[in-house]
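Here is how the chains run, residue by residue.
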Amino acid sequence: ATDDGLCIVDDAAAALASPSSELCSTVLRGDDYGFWRNSVTALADGGSVIWVGTSGGLTRYYPATGASVRYDENSLGGERINDIAIDADGIVWIATNEGVTRLDPSTNLATHFTGNDLGLSTAHVRSIYIDADGTKWFAGDGGLVQYIGA
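Note that the structure is a prediction, hence the values are computed from the model and not measured.

(A) Focus on the sheet that holds strand 6 (residues 67-71). Strand order in the open sheet formed by four strands is 3-4-5-6, with antiparallel pairing between adjacent strands. In this open sheet, the two edge strands, each paired with only one partner strand, are strand 3 (40-45) and strand 6. Geometrically, the sheet is characterised by an average inter-axis angle of 20 degrees between neighbouring strands, direction not taken into account. Examined bridge by bridge, strand 3 and strand 4 (residues 50-54) share five bridges and lie antiparallel to one another. For Asp45, the partnering residue across the bridge sits in strand 4 and is Ile50.

Structure representation (structure tokens):
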């Protein structure tokens, strides 16, 4: 994830071993791949899908076909994507400057939680961690909270 797009590295060991070589073999940028903006702020591996967060929204990108589905601030509750995590059930959790959104990719149903809904004193959620037990942890400007719920 870079400010210029999504960097694809074919042979990281070779690129790192040779200081004169380019690290990125390919850079996927903005509208060419359905991303909201070039500035990629978060990534999550969904198997055959890569979830790409930018400062302008979220994109579900299918590398095999190049197809993409965009989600904007109206469906996410916030425009800037700070972090993305996928739970064991395939639910995508998205941290934004306006809280957290729970997205079910099978139905595209999105549920938004504000910082106050989660017990944070501010809306800005910076990161998400899902532990081995499936418990979600949200960290933001208002602290760290453990989320016990669906």
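Once you've had a look at it, read on.
(B) Examining the nonpolar core more closely. Counting residues in hydrophobic clusters, the biggest one holds 14 residues, and the most contacted among them are Trp93, Val100, Leu118, Val125, Ile128, Phe138 and Tyr147. For this core, the secondary structure elements donating two or more residues are strand 8 (92-96), strand 11 (125-130) and strand 13 (143-147). Per-element tally for this core: the top contributor is strand 11, with three residues. Setting aside residues no more than four positions away along its own chain, Leu118 makes contact with Val100, Phe113, Val125, Phe138, Val145 and Tyr147. Among the nonpolar cores identified, the runner-up in size contains 12 residues, and Val49, Trp51, Leu76 and Ile81 belong to it.

(C) Just the environment of Val92, in detail. Within the fold, Val92 resides in strand 8. Since its relative accessible area comes to 0%, Val92 is described here as buried. C-alpha of Val92 to C-alpha of Asp104: the two residues are 12 residues apart in sequence and 6.4 Å apart in space. For Val92, the contacting residues outside a window of four places in its chain are Trp51, Ile84, Ala85, Ile86, Thr101, Arg102, Leu103 and Pro105.

(D) Structural detail: the pattern of salt bridges. Evaluation of the coordinates by the stated rule reveals two salt bridges. Ionic pairing is found between Lys136 and Asp87, a salt bridge with its closest N-O pair at 3.7 Å. Here the residue Lys136 occupies a position in strand 12 (residues 136-140), and Asp87 occupies one in the loop between strand 7 (81-86) and strand 8, the gap between them amounting to 49 residues. You can call Asp87 buried: its relative accessible area is 11%. Across the salt bridge formed by Asp141 and Arg126, the nearest N and O atoms sit 2.8 Å from each other. A residue pair is termed long-range when its members are at least 10 positions apart, and Asp141 in the loop between strand 12 and strand 13 and Arg126 in strand 11 qualify at 15 residues. The partly exposed category is assigned to Asp141, whose relative accessible area is 45%. Take Arg126: its relative accessible area is 47%, and that puts it in the partly exposed class.

Conventions and cut-offs
- Residues numbered from 1 in each chain as written.
- Predicted model: local features only at pLDDT ≥ 70, side-chain atom pairs only at ≥ 80, totals over all residues.
- Heavy atoms only, no water.
- Pairing = 2+ DSSP bridges.
- Helix = DSSP H or I, 4+ residues; strand = E, 2+ residues; numbered from the N terminus.
- Axes fitted to C-alpha atoms, helices over the stretch in contact; angles between N-to-C directions.
- Core = buried A, V, L, I, M, F, W, Y, C linked by side-chain atoms within 4.5 Å.
- Buried < 20%, exposed > 50% of the residue type's maximum accessible area, 1.4 Å probe, protein only.
- Contact = heavy atoms within 4.5 Å.
- Salt bridge = Lys/Arg side-chain N within 4 Å of Asp/Glu carboxyl O.

That's the geometry; what it means functionally is another story.
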